[in-house]
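A look at the structure
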Amino acid sequence: RHGYVVGETYASGFSADMRHESYSMAKSVTSALVGIAIDQKLLSGLDERVCKYYSEWNCDDASDKRSRITLRHTMNIETGLEWQEDWRVEYSGPNHAILAGPDMRDYVLAKPGVDEPGTKQRYSTGDPSLISGMLQGATGMTALAFAQKVLFGPIGLPGVTWNADSKGRTTTYAGLQATAREFAKRSEERRVGKECRSR
């Protein structure tokens, strides 16, 4: 409350110093980084095409639906790429998020476009993996390094880490590692704390 922890408890061997894997909530941090990159004019906007950052896709090939996928589509999981992902116990079909293995981004880049981008939403861990290359191409650093510079560092979270694939590319779809307190951190906490100490 007002920048201070007023209630806290840990169980099952966890402690305040243990970092937890975030899974899909990392997508929200990725979204924040996109907003910062746009604000800093590193990305032109949400309608910037993904193919500009990946030589695997030809931006000049109008017959390929992938040439029209934008940053907005990746964030709204509306790329139209072939994808099946279902985590329910009773589901027996293929789960592309598992089949992708450690290098999700390469797996996604090889998928064909089956729907016009923006016309159909399907849950996909793969779509936001493409943001990793866009951020890296636009900023000249990995998404984690960019986050440390413009987000984690400024709000006082120097210890937060983020998983990377076998090629060192930040997994912008999951894998953010932080303690419970770090996940709850807000930028104004530092300001409120300083104000209270100065009085």
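Placed above this text is the structure.
Residues numbered from 1 in each chain as written. Predicted model: local features only at pLDDT ≥ 70, side-chain atom pairs only at ≥ 80, totals over all residues. Heavy atoms only, no water.

1. Concerning the sheet that holds strand S3 (residues 176–178)
Applied cut-off: By definition, two strands form a pair when at least two bridges between them are found by DSSP. Counting from the N terminus, the helices are the DSSP runs of H or I reaching at least four residues and the strands are the DSSP runs of E reaching at least two.
Spatial ordering of the open sheet is given by S1-S3-S2, a layout of three strands whose pairing is antiparallel. Two strands close off the open sheet at either side, each with one partner strand: strand S1 (20–21) and strand S2 (161–162). Pairing geometry for S1 and S3, over two bridges, is antiparallel. Across the sheet, residue glutamate 21 finds its bridge partner in S3, namely glutamine 177.

2. Thoughts on the state of the cysteines
Which entries qualify depends on this criterion: Criterion for a disulfide: a pair of cysteine sulfur atoms within 2.5 Å. Relative accessible area decides the class of each residue, using a 1.4 Å probe on protein chains only: under 20% of the type maximum gives buried, over 50% gives exposed, and in between gives partly exposed.
Under the counting rule described, the total for this entry stands at one disulfide. Each sulfur in the disulfide pair cysteine 51 and cysteine 59 lies 1.9 Å from the other. Here the S-S torsion is close to 115°, and the disulfide linking cysteine 51 with cysteine 59 is therefore right-handed. Each of the two residues, cysteine 51 as well as cysteine 59, counts as buried.

3. Focus on the packing of aromatic side chains
Put simply, the rule is: Think of it this way: a Phe, Tyr or Trp ring, Trp meaning its six-membered ring, pairs with another when their centres are within 6.5 Å, and the plane angle makes it stacked under 30 degrees, edge-to-face over 60, tilted otherwise.
Applying the stated criterion across every chain yields a total of three aromatic pairs. Ring geometry for tyrosine 54 against tryptophan 57: centres 6.4 Å apart, planes inclined by 55°, an arrangement best described as tilted. In this structure tyrosine 54 comes out as buried when scored by relative accessible area, which is 4%. A residue is classified by how much of its surface remains accessible, and tryptophan 57, at 3% relative accessible area, is buried.

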